[in-house]
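# A structural walkthrough
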Amino acid sequence: MTEKLSAETRGPLLDPLWQTGWEMVEGRDAIVKTFKFKDFADAFGWMTRVAIWAEKWDHHPEWANCYDTVVVTLSTHEVDGLSTLDAKLARKMDGL
Ligand code: HBI
């Protein structure tokens with residue numbers, strides 16, 4: 001069963017993400033980041049690579065793409081907030 005990150009455990013997991021441009025969503029236990037790419041093809045290619053990991057981990061982003069930009073929000077529906085899966089997928093996205 002996926003657990004919601006507690007106030008005690010979330011620090012070490014989330015702190016590195018603030019350094020790479022992730023932020024908390026106002027009024028929601030979720031994180032958001034805007035990714036910019038060279039063009040649409042690059043943005044879509046990156047989304048495709050992310051999608052493979054999302055399927056593998058059964059954990060999917062909420063995202064919107066406009067040309068060279070992808071705005072990504074991560075949260076875990078099952079716990080209505082952040083879980084380790086969100087931190088894991090965020091780290092993967094930063095590395096792709
Ligand atoms: N993706 N972000 C997110 N949060 C979830 O809770 C989630 C998901 N993808 C698939 C998934 N849960 C399934 O495990 C459940 O819909 C059954």
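Residues numbered from 1 in each chain as written. Predicted model: local features only at pLDDT ≥ 70, side-chain atom pairs only at ≥ 80, totals over all residues. Heavy atoms only, no water.

The name an unreviewed UniProt entry assigns to the protein is Putative pterin-4-alpha-carbinolamine dehydratase, from the organism Sulfitobacter undariae.

## Overview of the nonpolar core
General note: in soluble globular proteins, nonpolar side chains tend to be found buried as a group. Counting 19 residues, the largest nonpolar core has L17, W22, I31, W46, V72, L74 and M93 as its most contacted members. Apart from the residues lying within four places of it in its own chain, the contact partners of L74 are W22, A30, I31, P61, L82, D86, L89, A90 and M93. (Core = buried A, V, L, I, M, F, W, Y, C linked by side-chain atoms within 4.5 Å. Buried < 20%, exposed > 50% of the residue type's maximum accessible area, 1.4 Å probe, protein only. Contact = heavy atoms within 4.5 Å.)

## Here's the deal with the site of the ligand
Residues in close proximity to the ligand include D58, H59, H60, S75, T76, H77 and E78, which together make up its full environment. At 2.8 Å from a nitrogen atom of the ligand is found a side-chain nitrogen or oxygen belonging to H60. Backbone polar atom of E78 to an oxygen atom of the ligand: 3.1 Å apart, as the coordinates give it. Contact with the protein chains covers 68% of the free accessible surface of the ligand, which is 390 Å². (Near = heavy atom within 4 Å. Polar contact = N/O pair within 3.5 Å; in protein donor to acceptor, adjacent residues only side chain to side chain. Areas by Shrake-Rupley, 256 points an atom, 1.4 Å probe, with all protein chains shown as cover.)

## Structural notes on unusual backbone geometry
Even without glycine at this site, D58 takes up a positive phi of about 50°. Following the sequence through the fold, D58 ends up in the loop between α2 (40-57) and β3 (62-66). For D58, a relative accessible area of 60% puts it in the exposed group. At Y67, a residue that is not glycine, the phi angle is positive and equals roughly 55°. Topologically, Y67 is positioned in the loop between β3 and β4 (69-74). (Helix = DSSP H or I, 4+ residues; strand = E, 2+ residues; numbered from the N terminus.)

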